[in-house]
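Fold and contact review
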Amino acid sequence: MRVLFLGGTGPVGQAGVPHLLAAGHEVAVAHSGAHEPEALAALHHLHGSRDELLAPAGPAELWRPDAIVDTFAGGATAAKARTTAALAARAGASHVVVVSSVDVYRHSADAGVDGNPPTALARDRLPLREDAPRRSGPSPGSGTAHDNVAMEDAIGGAPHVTILRPGAIYGPHLHRHLLREWYLVGRMARGERRLPLPAGGTQLFHRVALDTVGRAIAAALARGPRGVWAANVGDPQDFTFGGLASLVAARLDWRWEPEDVAWDAGDHPWNVRHPVLMDTSRLRDVLGVVAPDGQSATQAQIDWLWEHRRAVADFTAA
């Protein structure tokens, strides 16, 4: 199958492309050309702005893809989704896979994700299934410039769409959205033993290893049901914030000095009013993705962050 990967040079693309190639697909990446990862050098590259690449009779259409994967680099919007769906129709692509987020759920808004005012009481059952209520309107933190709900609604016009909803992605890349565990590893690198524990360290925001997202993309093309269908993408098990702190300490032979603070007094990346936890049955049972053990994947991320601590410190300080 000829697979066009829109925005494929970012971390998600670099994770997904090897699994697409392993499945026997021919892959082209369509991007601005600002980043040229060495690992993708052998692929066919289409360069230009998104508007230029996806224009009628433009490079993406002329490549005649059988399927399209879109990560919506720079922000997911309804307008971008409509453009992707129109490209698929013109090019005759039979399947579109889009990468959305767990942030679409009403529960995530209730928990205070992306600037939403947290509610005192959560309204939805956990773990969140794909048919759980979604939030209404864009989140204050992103506005209309990045609204996965609007994107999902607009992409639904295509005949065969698989929507992937990852949790908080972590992986070995210098990328601002993938370095959450640096909050803990970085404190250790700076010699900071004091560790504020909002809500006693019980906060939880479902994470997912980057490689699992890449596996889900390839599996979606192979086994995604017809129609518009969504699947949560997360580690099979996860840690609370306190659990992550304990794992970092054990892995790097460190001792914290915990200090209990109010739930909203901390600034760590998993600071939510209510735990955010997804049901990943579809990922496992329908798409057939066997996600790596969350502990071993997290340990590998901790090791990578420690090994690259100087580069990560410089990157996060810039």
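Residues numbered from 1 in each chain as written. Predicted model: local features only at pLDDT ≥ 70, side-chain atom pairs only at ≥ 80, totals over all residues. Heavy atoms only, no water.

1. Topic: the nonpolar core
Counting 36 residues, the largest nonpolar core has Leu184, Phe205 and Trp256 as the members making the most contacts within it. Residue contributions to this core peak at seven residues, all from helix H9 (residues 241–252). Grouped together as the second largest cluster of nonpolar side chains are 32 residues, Ala15, Val208, Ala218 and Val289 included. (Core = buried A, V, L, I, M, F, W, Y, C linked by side-chain atoms within 4.5 Å. Buried < 20%, exposed > 50% of the residue type's maximum accessible area, 1.4 Å probe, protein only. Helix = DSSP H or I, 4+ residues; strand = E, 2+ residues; numbered from the N terminus.)

2. So, the environment of Arg187
In this structure, Arg187 sits in helix H7 (residues 182–189). The buried category is assigned to Arg187, whose relative accessible area is 11%. Setting aside residues up to four positions removed in sequence, Arg187 forms contacts with Trp182, Glu192, Arg194, Leu195, Pro196 and Trp256. Only 3.0 Å separates the side chain of Arg187 from the backbone oxygen of Arg194, close enough to count as a polar contact. (Contact = heavy atoms within 4.5 Å. Polar contact = N/O pair within 3.5 Å; in protein donor to acceptor, adjacent residues only side chain to side chain.)

3. A closer look at the pairing of strand E4 (residues 67–70)
On E4, burial covers both faces: Ala67 and Val69 on one face and Ile68 and Asp70 on the other are all buried. Summarising the sheet, E4 and strand E5 (residues 95–99) pair through four bridges and their orientation is parallel. Residue pairing across strands places Val69 opposite Val97, the latter belonging to E5. (Pairing = 2+ DSSP bridges.)

4. A look at the sheet that holds E4
Read from one edge to the other, the open sheet built from seven strands follows the order E3-E2-E1-E4-E5-E6-E10, with strand pairing classed as parallel. Each edge of the sheet is formed by a strand with only one pairing partner; in this case those strands are strand E3 (44–47) and strand E10 (227–233). If you compare each strand with its neighbour and ignore which way they point, the axes differ by 20° on average. In the sheet, strand E1 (residues 2–6) pairs with strand E2 (residues 26–31) via five bridges, with the strands oriented parallel. Note that in E2 the partner of Val3 across the bridge is Val27. Against the sheet, helix H4 (residues 78–91) makes contact with E1, E4 and E5, and its axis sits at roughly 165° relative to E4, the strand it touches most. (Axes fitted to C-alpha atoms, helices over the stretch in contact; angles between N-to-C directions.)

5. Points about the packing of H9 against helix H11 (residues 294–307)
Between H9 and H11, whose axes approach to 10 Å, the crossing angle comes to 60°. As far as their axial angle goes, H11 and H9 are oblique. Judged by the sense of rotation from one axis to the other, the crossing of H9 with H11 is right-handed. The residues of H11 that touch H9, namely those facing Leu244, Leu247, Val248, Arg251 and Leu252, are Gln295, Thr298, Gln299, Ile302, Asp303 and Trp306. (Parallel < 35°, antiparallel > 145°, perpendicular 65-115°, else oblique. Left-handed = near helix turned anticlockwise from the far one by under 90°.)

6. Considerations on the packing of helix H1 (residues 11–22) against helix H8 (residues 210–223)
Between H1 and H8, whose axes approach to 8 Å, the crossing angle comes to 50°. Considered as vectors, H1 and H8 are oriented oblique to each other. In this structure, the crossing between H1 and H8 has a hand that is right-handed. Where H1 abuts H8, its residues Pro11, Val12, Ala15, Gly16, His19 and Leu20 lie against Leu210, Asp211, Val213, Gly214, Arg215, Ile217, Ala218 and Leu221. Taken together, the residues of the contact of H1 with H8 sort by class into nine nonpolar, three polar and two charged. (Nonpolar A, V, L, I, M, F, W, Y, C, P; charged D, E, K, R; others polar.)

7. A short note on H1
For the α-helix, the turn length of 3.6 residues means that residues three or four positions removed from each other point alike. With 12 residues, H1 extends 18 Å from end C-alpha to end C-alpha; this agrees with the ideal 16 Å at 1.5 Å per step. Residues of H1 that are buried: Pro11, Val12, Gly13, Ala15, Gly16, Val17, His19 and Leu20. Its buried side turned inward, H1 meets E1, E2, E5, strand E7 (168–170) and H8. Downstream of H1 by a residue or two, Gly24 has a phi angle that is positive, lying close to 95°. (Expected span 1.5 Å × (residues − 1).)

8. Examining the packing of aromatic side chains
Across all of its chains, the model carries three aromatic pairs by this definition. Centre to centre, the rings of Trp254 and Trp256 are 6.3 Å apart; their planes meet at 80°, and the pair counts as edge-to-face. Ring pairs connect the aromatic residues Tyr183, Phe241 and Trp270, which therefore count as one cluster. Here Arg2 stacks its cationic end above the ring of Trp63, 4.0 Å away from the centre of that ring. In this arrangement the basic side chain of Arg309 is found over the ring face of Trp306, its NZ or CZ atom lying 4.0 Å from the centre. (Phe/Tyr/Trp six-rings, centres within 6.5 Å; stacked < 30°, edge-to-face > 60°. Lys NZ or Arg CZ within 6 Å of the ring centre and 35° of its normal.)

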